[in-house]
Amino acid sequence: MSDLLANLNFPQLQAVTLPAVHALSLAGAGSGKTRVLTTRIAWLMSTGQVGPHGILAVTFTNKAAKEMTARLSALVPINTRGMWIGTFHGLCNRLLRAHYREAALPQTFHILDSADQLAMVKRLLKNLNVDDEKYPPRELCHFINAHKEQGGRAAQAEAYDNYTQKRVELYAEYENQCNREGVVDFAELLLRCYEMLLRNEPLRRHYQERFRYVLVDEFQDTNKLQYAWLKLLAGGGAKIFAVGDDDQSIYAFRGAEVGNMRDFEREYCKTSTGDNIIRLEQNYRSHGNILAAANALIKNNRERLGKNLWTDAGEGEPIRCFEGYSDLDEARFVVEEIRELVRDGVSPTQIALLYRSNAQSRVLENELFTKNVPYKVYGGLRFFERQEIKHALAYLRLLGNPDDDTAFLRIGARSLENLQATAHQMNSSLYNAAASLTGKAGQTVGAFIRLIESLRQETDGLPLPEMVEHVVEKSGLAQHYRTEKEGQDRLENLDELINAAATFVDDEGAIGEGGALVSFLTLASLEAGEHQAGEGEAAVQLMSVHAAKGLEFDVVFITGLEQGLFPHENSVSQGRAGLEEERRLMYVAVTRARQRLYVSCAQTRMLHGQTRYCVPSSFLDEIPASLLLKLNKRAEPSASVPAFGSFGGGYAEPAVAGLRIGMSVEHAKFGLGVIVSTEGRGADARVQVNFGSSGMKWLALEYAKLTPV
Ligand code: ATP
Ligand code: MG
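Not measured: the values here are computed from a predicted model.

Novice: Residues and numbers for helix α26 (residues 576–590), please.
Specialist: In a regular helix each residue adds 1.5 Å, so 15 residues correspond to 21 Å; α26 covers 21 Å between its end C-alpha atoms and thus fits that length. Of all 15 residues in α26, 12 are buried, a share of seventy percent or more. Buried within α26 are the following residues: Gly578, Glu580, Glu581, Glu582, Arg583, Arg584, Leu585, Met586, Tyr587, Val588, Ala589 and Val590.

If you want it as C-alpha cells, here you go:
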C-alpha cells in the first residue's frame with residue numbers, strides 16, 4: 001500500500017487519504033486530480049473501507065472511463081470488471097437496462113444519437129404540417145435537450161409567448177413519439193433514470209445503500225440534472241468526492257454549471273472544523289513554456305475562482321507556430337512534422353491533432369491517409385455513423401424492436417413515408433400501422449414486413465456475428481453495394497461490422513442485460529468511433545478539443561487557430577461569456593501537451609463547401625511572443641505574396657508543373673492571382689488560386705492556361 005501512495009505530493013496524499021467525508025478538489029490542469037481520484041478509489045478498497053461494488057465513479061468520456069479502470073487494475077489486485085465506473089450516459093444506460101420495466105421502457109430500447117434525434121424531429125414536423133423554417137429542427141432539438149438537461153418535461157415547461165408555447169407543444173409531441181417507438185435520446189437517458197430513482201423508493205434505497213463512495217471527475221462540467229442525480233444517489237449517506245477546474249468548464253452550451261462547484265462546496269464541504277477543499281498547485285504534465293502560455297491565456301478571463309499553477313519541469317521547447325496559405329497547406333505541414341517526429345522515435349499514439357470543429361478533420365484525415373500515416377478519429381463522422389453501417393444497424397434494431405420507427409424509416413425507404421399519417425392517426429408505430437395498409441402500398445410494405453419477419457426467424461438463436469452477417473447478406477444490403485459503382489468501400493465497412501460483432505462477443509463482460517444484440521447496438525450509439533482504427537495499431541490521435549478533455553499527449557497540434565473558427569463565431573456572437581468559454585477551450589487544448597506544442601492557422605479554408613479568408617485567432621496574440629517560435633523554415637513565398645496575416649511562412653510543396661504555392665500567375669479570364677495550394681500530379685494536377693476580387697478558384701492545369709508573372 002505504501003507503493004500506492006508513494007508517488008503523491010503532500011496535498012495529493014491528503015486528498016487520497018481523507019476519511020469518509022464529502023470533499024472537493026479544485027485545481028488546475030495537470031495537477032493530478034484524476035490521479036488523486038483513481039488512487040483514492042484504490043486506497044479505499046485496499047484498506048478494506050469499501051468493496052468494488054460500493055463505488056460509483058463518473059468520468060467524462062468512455063475513453064477516460066476505460067483508462068481509469070485500467071489504472072485501477074494496475075494499482076490493486078481486484079477484479080475491476082463490473083465496477084460502476086463510467087460516463088453519466090453510460091451509467092444511466094446501465095441502470096435503465098437493468099430496470100427497464102420500472103422506467104417504462106421496452107427491454108430493447110434504442111438510443112437515438114444526435115443525427116437520429118434530428119431526423120425524428122424533422123419527421124415529426126412534417127407529420128404535423130409544421131413549417132420547419134419557422135421552427136428549425138436543429139433549434140427544436142436544442143430546445144428539447146436544454147429542457148431535459150434542466151430536468152424539465154414538456155408538461156412543466158413554461159411559455160410566455162405563442163412561439164414558445166408552440167415549441168413546448170412540439171416537445172410534448174416529441175416525447176409521445178419517443179415513447180411510442182420505445183427510443184430515448186441522450187438527454188433522456190439521464191432524465192429517465194433520475195425520474196425512475198426519484199419515483200421508485202425501494203429501487204432508490206437499494207442503490208443508495210449500495211454506493212458508499214461517489215467520485216466525480218471533471219465536476220465543473222456537470223449540469224443541473226447530473227448534479228441532482230449525484231445527490232439523489234448519494235442520499236443514503238454516501239460520500240461524494242469531486243474534482244474539477246473552473247478554467248476547464250467547456251460545456252456551458254449543454255447546460256453545464258460551474259455554479260455546481262460553489263453549491264457543492266456550500267452544501268457539502270463546509271464542516272465545523274473547516275472545509276474539505278483541497279488545492280493542488282503543482283502541474284506535473286507540461287513543460288514551463290506550455291504552462292506559461294496556458295496561464296497567460298486564461299488570465300484574460302474575468303470570471304475565475306483563481307488558482308496558481310507551477311511546474312518544476314523546466315522551460316522546455318518553445319511553442320511552434322505555423323501559418324499556412326490554405327487549410328491544405330496547414331495539413332501538409334502538420335503531417336510532415338508528424339512524419340519527422342515518428343522517424344525520431346515519438347510514438348504516434350503520443351501525438352494528438354486537435355481541432356475546434358469536427359468538419360476540420362477531413363482535410364487532415366485526407367493528408368494523413370495520402371501519406372500513409374495511421375490515425376484514429378474520436379468523435380465526428382465515424383465508423384458507426386456511415387450510411388451502410390447505419391442501414392445494417394437499422395435492420396438489426398428492427399429485429400430487436402419492431403416499434404423502432406427511426407430504424408423502420410431508414411431502411412423502409414421514402415415510399416413508406418405516407419405510412420406516417422396512418423400511424424399517427426392510429427397512435428401506433430409504423431410497423432404496426434403497416435399491417436393495416438391495403439392496395440399497392442400494402443403490397444410493397446407487406447413484402448418489407450415479410451423480409452423483416454423472415455430475418456427475425458432465420459437469425460433467432462444465432463450468435464451475434466452470424467446474425468450480423470446473415471442480415472447484411474439477406475437484407476439485400478450487400479447485393480446493393482456490390483452493384484453500386486463506389487460500393488467497394490462500403491462492402492468493406494460491412495465486413496468490418498461483422499468483425500466488430502465478433503470482437504464484441506469475444507470481449508467477455510461487454511454483454512449486459514438485454515443480450516448480445518442490444519448491447520452491441522448500444523455500443524454502436526454510445527461509443528461510436530472508438531472502433532474505427534485497427535485495435536493495437538499505433539495511430540495518431542485526432543479529436544475535437546472537447547473530446548480531448550482530461551487526456552494528455554507528448555506532442556499536441558492545435559490547428560485552425562483563426563478568428564471565427566477558434567474562437568468559434570457562434571460563441572463570439574454571444575458576447576464576453578461566449579468568448580470566455582472559447583478561451584477555456586483553448587486553455588484545455590494547450591494544457592493537453594506534455595513536451596511539445598504546435599499552434600497553426602491557415603489564410604484560407606474550405607468549410608461547408610465555401611472558401612473562407614481567415615485572420616489568425618486572437619488567442620495567438622494572447623500567448624507572449626517570447627514563448628513562440630514562428631516556423632517559416634520551409635517557406636519560399638514569392639515576393640508578390642500579399643501579407644494576409646502576421647506570421648508569414650507557408651509550406652512550399654514541390655512544384656506542380658512548374659507552379660508553386662505562393663507564385664503569382666495570370667489567367668485570361670480571372671486576371672492576376674496567387675497560388676494558395678496545389679493538388680495531384682500530371683493530368684490530374686490542380687491548383688487553387690486567389691484571384692482577389694474574382695475570388696478563389698480551383699483550376700485543372702490541363703485546361704486552365706496559367707502564366708507565371
Ligand atoms: P486535467 O485537469 O487535465 O484533467 P488532472 O489534474 O486530472 O489534469 P492528471 O491527469 O491526474 O491531472 O495528472 C497529470 C499528469 O501528472 C499525469 O501524467 C500524472 O500521472 C502526473 N502526476 C500527477 N501527480 C504526480 C506526482 N505527484 N508525481 C509525478 N507525476 C504526477
Ligand atoms: Mg483529469
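Alright, that's what it looks like, and here's the rest.
Novice: I'd love a proper account of the site of ligand 1, names of residues and values included.
Specialist: Close contacts around ligand 1 come from 19 residues, with Lys33, Thr34, Gln248, Glu552 and Arg592 the closest. Gln12 has a polar side-chain atom sitting 2.8 Å from a nitrogen atom of ligand 1. Taking Ser31, its main chain carries an N or O atom lying 3.2 Å from an oxygen atom of ligand 1. For ligand 1, whose unbound accessible area comes to 640 Å², protein coverage reaches 85%. If you tally residues by element for the shell around ligand 1, the top one is helix α3 (residues 33–46), at 3 residues.

Novice: Give a description of the nonpolar core that names residues and reports values.
Specialist: Core analysis: the biggest nonpolar cluster contains 43 residues, and Val216, Phe219 and Trp229 have the highest contact counts within it. Among the elements that take part in this core, helix α9 (residues 186–199) stands out by supplying 7 residues, more than any other. If we ignore the near neighbours within four places in the chain, the residues touching Trp229 are Leu56, Val58, Phe88, Leu91, Cys92, Leu95, Leu190, Cys193, Tyr194 and Leu197.

Novice: Provide a residue-level description of the packing of aromatic side chains, including the pertinent values.
Specialist: Tallied over the full model, the rule gives 15 aromatic pairs. Centre to centre, the rings of Phe408 and Phe448 are 5.3 Å apart; their planes meet at 90°, and the pair counts as edge-to-face. On the criterion of sequence distance, the pair formed by Phe408 in helix α17 (residues 405–412) and Phe448 in helix α20 (residues 439–459) is long-range, its members being 40 residues apart. Residue Phe408 is classed as buried on the basis of its relative accessible area, which comes to 0%. Among the residues examined, Phe448 registers a relative accessible area of 10% and is labelled buried. When the ring centre of Phe60 is taken as reference, the NZ or CZ atom of Lys549 above it lies at 3.6 Å.

Novice: Pulling in residues and values, what's your account of the packing of helix α5 (residues 88–98) against helix α11 (residues 224–233)?
Specialist: One way to put it is that α5 packs onto α11 with a least axis distance of 12 Å and a crossing angle of 55°. Compared by their axis directions, α5 and α11 come out oblique. Note that α5 runs across α11; the crossing there is left-handed. Each of Phe88, Leu91, Cys92 and Leu95 in α5 lies in contact with α11, whose residues at this interface are Gln226, Trp229 and Leu230. The residue inventory of the contact of α5 with α11, partitioned by class, reads 6 nonpolar, 1 polar and no charged.

Novice: Please give an account of the pattern of salt bridges that cites residues and values.
Specialist: Enumeration according to the criterion identifies 39 salt bridges in this entry. Arg153 is the partner of Glu195 in a salt bridge, and the nearest nitrogen-oxygen pair spans 2.9 Å. Of the two residues, Glu195 is situated in helix α9 and Arg153 in the loop between α7 (137–149) and α8 (162–181); the sequence distance between them amounts to 42 residues. Taking the relative accessible area as the measure of exposure, Arg153 reaches 12% and is therefore buried.

Novice: Lay out the sheet that holds strand β7 (residues 239–244) in plain terms, naming residues and giving numbers.
Specialist: Within the open sheet, the 6 strands sit side by side as β3-β2-β6-β7-β1-β10. Their pairing is parallel. Strands with a single pairing partner mark the edges of an open sheet, and in this sheet they are β3 (84–86) and β10 (277–278). Relative to β7, strand β1 (residues 23–26) is paired through 4 bridges, and the arrangement is parallel. Bridge pairing in β7 places Ser25 opposite Val243. Packing against the sheet, α11 makes contact with β2 (55–58), β6 (213–216) and β7, and its axis sits at approximately 170° to β2. Against the sheet, helix α12 (residues 259–269) touches β1, β7 and β10, its axis set at about 145° to β1.

Novice: Account for the pairing of strand β12 (residues 351–355), with residues named and values stated.
Specialist: The element β12 is largely enclosed, with a buried count of 5 among its 5 residues. Along β12, one buried face is formed by Ile351, Leu353 and Tyr355 and the opposite face, lined by Ala352 and Leu354, is buried too. Bridge count for β12 against strand β15 (residues 553–558) is 4 bridges, and the pairing is parallel. Paired with Ile351 across the two strands is Val555, which belongs to β15.

Novice: Which residues make up the environment of Leu699, and what values go with them?
Specialist: If you trace the backbone, Leu699 turns up in strand β22 (residues 696–700). Its relative accessible area of 10% is what places Leu699 among the buried residues. When the C-alpha positions of Leu699 and Ala685 are compared, they lie 8.6 Å apart, and in sequence the two are 14 residues distant.

Novice: Kindly report on the side chain of Thr39, identifying the contributing residues and their values.
Specialist: Relative to the helices and strands, Thr39 is located in helix α3. What Thr39 contacts, discounting residues up to four positions off in sequence, is Leu4, Leu8, Val16 and Leu75.

Novice: Before we move on, can you summarise α9 with the specific residues and values?
Specialist: Over its 14 residues, α9 extends 21 Å from the first C-alpha to the last, a length consistent with the 20 Å expected when each residue adds 1.5 Å. Of all the 14 residues making up α9, 11 are buried; the element is thus mostly covered by neighbouring parts of the structure. Among the residues of α9, Ala187, Glu188, Leu189, Leu190, Leu191, Arg192, Cys193, Tyr194, Glu195, Met196 and Leu197 are the ones counted as buried. Residue Asp185 occupies the N-cap position of α9, its side-chain oxygen lying 3.2 Å from the main-chain nitrogen of Ala187.

Scoring rules and cut-offs
- Residues numbered from 1 in each chain as written.
- Chains lettered and ligands numbered in written order.
- Predicted model: local features only at pLDDT ≥ 70, side-chain atom pairs only at ≥ 80, totals over all residues.
- Heavy atoms only, no water.
- Helix = DSSP H or I, 4+ residues; strand = E, 2+ residues; numbered from the N terminus.
- Expected span 1.5 Å × (residues − 1).
- Buried < 20%, exposed > 50% of the residue type's maximum accessible area, 1.4 Å probe, protein only.
- Near = heavy atom within 4 Å.
- Polar contact = N/O pair within 3.5 Å; in protein donor to acceptor, adjacent residues only side chain to side chain.
- Areas by Shrake-Rupley, 256 points an atom, 1.4 Å probe, with all protein chains shown as cover.
- Core = buried A, V, L, I, M, F, W, Y, C linked by side-chain atoms within 4.5 Å.
- Contact = heavy atoms within 4.5 Å.
- Phe/Tyr/Trp six-rings, centres within 6.5 Å; stacked < 30°, edge-to-face > 60°.
- Lys NZ or Arg CZ within 6 Å of the ring centre and 35° of its normal.
- Axes fitted to C-alpha atoms, helices over the stretch in contact; angles between N-to-C directions.
- Parallel < 35°, antiparallel > 145°, perpendicular 65-115°, else oblique.
- Left-handed = near helix turned anticlockwise from the far one by under 90°.
- Nonpolar A, V, L, I, M, F, W, Y, C, P; charged D, E, K, R; others polar.
- Salt bridge = Lys/Arg side-chain N within 4 Å of Asp/Glu carboxyl O.
- Pairing = 2+ DSSP bridges.

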